[in-house]
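# Architecture at a glance
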Amino acid sequence: MTGSPLMIEARAVEKWYPNGFHALRGADLTVHQGEVVVIMGPSGSGKSTFIRTFNALEDFQKGSITVDGIALSNDVRHIDAIRREVGMVFQQFNLFPHLTVLENLTLAPVLVRKRPKAEVERQALELLERVGIHEQARKYPGQLSGGQQQRVAIARSLCMEPRIMLFDEPTSALDPELVHEVLEVMQELAEGGMTMVVVTHEVRFARQVASRVVLMAEGQVVEQAPPEQFFTNPQHERSRQFLRQIG
Amino acid sequence: MVPIPQPDSAWRRVRRQLFASRLDGLITVVLLVLLLSAALGIGHWALSQAQWAVIQVNSTLFTLGRYPLEQQWRLWLLTALLAGASGLSWGLLRAEPRAGVNARPWPRNDRIAVLLLLALALLLPAALQLTALIHLRWLALAVLLVLARWAAGRWGPLRGRWRPLVGLLWPVLYLLGMVLIGGGLGLSPVPPGEWGGLLLTLLSASFAMLLCFPLGVLLALGRRSALPLLRWGSVLYIEFIRGAPLITLLFLGQNILGFLLPGGLAPDRVWRAAWVLTFFSAAYVAEAVRAGLVALPPGQLEAARSLGLAMPQALVHVVIPQALRVALPAMVGQFIILLQDTTLLSLIGLLDLLGIARTVMANPAFLGRNAEVYLVLALLFWCCCAALGLGSRALETRLNTSHTPAKA
């Protein structure tokens, strides 16, 4: 993977929350184009905080982050430029409940990319078909199941044609029987060559889809390795402890 | 085992709900007797003792104040335009299918409303003993409204291209109405001092409602802003206004605006009062909207921002629409209070509905007719507030997109 261009480069990132909690303590990560990086780790280890710094939903106090060649700084223009290229899928879906499914998808491309509405709608319907919910395009999010909502959220991000997709525990709020339909969509996306950073507890997904598994603990990246090696022969004591805990 | 509930006959329902036990029966009987005697008393008073001449003779005064007689055609024209626009909007709303529910062009409520409207247009002028000409005009207005409602329901959905213009209808009509009432554009001016009665009440209330709404939204956003100056300014404003009684602010407005601005610039007394009402209500609307903003999960803004929407876009398209939906009931409550608060204008010497009523009651010819006047006043206000309440509930149902299971 070293041959393909660098998409995310985070160096020694430190973050304190306003209440003084030291969430990130020198976290490092590089992600190359086409890679699928799965971040695992115990709760409170800073996984979510870390990927939320990649599109400036969280600020950080020390270190540097470069996304798609743009250095993350407090410059608003840089932040907006990065957010256009980075899609984000949340644990709680965060669909806009006052808009139909189709409007959820078309809102940003029309407003931000200034693309013609008819063209965006055509693309949106294609995307909805890809994630298997095009019949529901005129419904409101409140009328869909959790799994359907999360697939709409993925399609909504894709409609902006991002170069990177971030997933923040995308299946944690779902009923168990709905998890696989979301993971399937994510797997297809990965096979299509999308650069992805995924925070998840889904070991099977990590084994089958990840190009690299990263273990975080206490605000640091403790170990990173290809999935086969990580799950069968973890090098770090912290990793072994974590794998024992998740059984 | 629990017996399977049987479909109740009306008689059984009455028995179960009103006479379940001896005590229940006693309470029911006592309340019925009280209610009946009150109704009989009012009916007896209204039909045999009350002298409605005070209303009949002064009906124009109550509605328009001292608006010049030869210019009243302008208000008739405005009423006709309003009737047409109401019918149009009503019909279009019904024709538009909402989330998951098919459009029903003539639901039962609407048929009842039309019948009531026509009955009112027939009976009210008769009760007020107005001339046949005015009688005819009211009937024509009601028919116009119903026709516009029917036409819009029938052909409205077909004219997709004109849809965006419908939203402009009301603002344009409002500005046009201001011109028709106050003069300008070739119409001879009628100074605000000559507006009165229901006209002044509705005008000042609607003016304040329209302007306090955007102001309140801005204040609510300001109160949650990250910029300290904006935040503290908003907090200071809201808390100051909410800490002062409206009547003191009205007096303050009458005096202070006169001191602050040179003579020509200070708006007329009526406008000063309308502005004070606006600023007053804005603080309360701001608090209602703030409650809506607080209720919004932070993930909504995060999702909008991570899709690349700039802050103003995220606010306009994602945050504010949802916050307003939550704030709607509280906001309409504030609007209803605002409408009733316009009666305070009479205390600063303006001739709103209550002001007119007080001048009428001061007339020796109508001495002792207070009960008739106040009853009509109360009914008028009740009608306006009921309309606001009904409108807001209809809007809530229409905006409710959550958990309406799709009908197959």
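Everything numeric in this text was worked out from a predicted model, so none of it was measured.

This brings us to the overall build of chain A. Within chain A, the secondary structure is distributed over nine helices and 10 strands. A compact globule built from 247 residues would reach a C-alpha radius of gyration of about 18 Å, and chain A, at 18 Å, matches this within 12%. Taking the principal axes of its C-alpha atoms as reference, chain A extends roughly 55 × 45 × 40 Å. Every one of the 247 residues in chain A was classed for burial, and the buried ones make up 49%.

The subject of this paragraph is the overall build of chain B. Helix and strand counts for chain B come out as 15 helices and zero strands. Burial status across chain B gives 26% buried among its 408 residues. At a minimum sequence separation of 6, the contacts of chain B that also span at least 24 residues come to 74%.

To continue, consider the sheet that holds strand β6 (residues 86-89) of chain A. Two pairing modes exist for strands in a sheet, parallel and antiparallel, and in both the strands are linked by backbone hydrogen bonds. Residues and elements named next belong to chain A. An order of β6-β7-β8-β3-β9-β10 is seen for the six strands of this open sheet, with the pairing classed as mixed. Only two strands of the sheet have a single neighbouring strand rather than two, namely β6 and β10 (220-225). Taking each pair of neighbouring strands and ignoring which way they run, the sheet shows an average axis angle of 20°. With four bridges connecting them, β6 and strand β7 (residues 164-168) associate as parallel partners.

All names here are of chain A. Here strand β8 (residues 195-199) lies mainly inside the structure; five of its five residues are buried. Bridge analysis of strand β3 (residues 36-40) against β8 gives four bridges, and the strand direction is parallel. The residue of β8 that forms the bridge with V37 is V197. Relative to β8, β7 runs parallel, the two sharing five bridges.

Residue and element names in this part refer to chain A. Read from one edge to the other, the open sheet built from four strands follows the order β2-β1-β4-β5, with strand pairing classed as antiparallel. The strands lining the two open edges of the sheet, one partner per strand, are β2 (22-32) and β5 (70-71). Here strand β1 (residues 6-16) runs beside β2; their pairing, made up of eight bridges, is antiparallel. Within the sheet, the bridge partner assigned to A10 lies in β2 and is L29.

Let's shift gears to the packing of helix α13 (residues 311-341) of chain B against helix α15 (residues 370-399) of chain B. Residue and element names in this part refer to chain B. For the pair α13 and α15, the least separation of the axes is 10 Å and the interaxial angle reads 170°. Between α13 and α15, the crossing angle belongs to the class labelled roughly antiparallel. Where α13 abuts α15, its residues R325, L328, P329, V332, F335, I336, L339 and Q340 lie against F381, C384, C385, L388, G389, S392, L395, E396 and L399.

About the thresholds
- Residues numbered from 1 in each chain as written.
- Chains lettered and ligands numbered in written order.
- Predicted model: local features only at pLDDT ≥ 70, side-chain atom pairs only at ≥ 80, totals over all residues.
- Helix = DSSP H or I, 4+ residues; strand = E, 2+ residues; numbered from the N terminus.
- Rg over C-alpha atoms; globule rule 2.2 N^0.38 Å.
- Buried ≥ 20, exposed ≤ 12 C-beta atoms within 10 Å, placed from the backbone.
- Contact = placed C-beta atoms within 7 Å.
- Pairing = 2+ DSSP bridges.
- Axes fitted to C-alpha atoms, helices over the stretch in contact; angles between N-to-C directions.
- Parallel < 35°, antiparallel > 145°, perpendicular 65-115°, else oblique.

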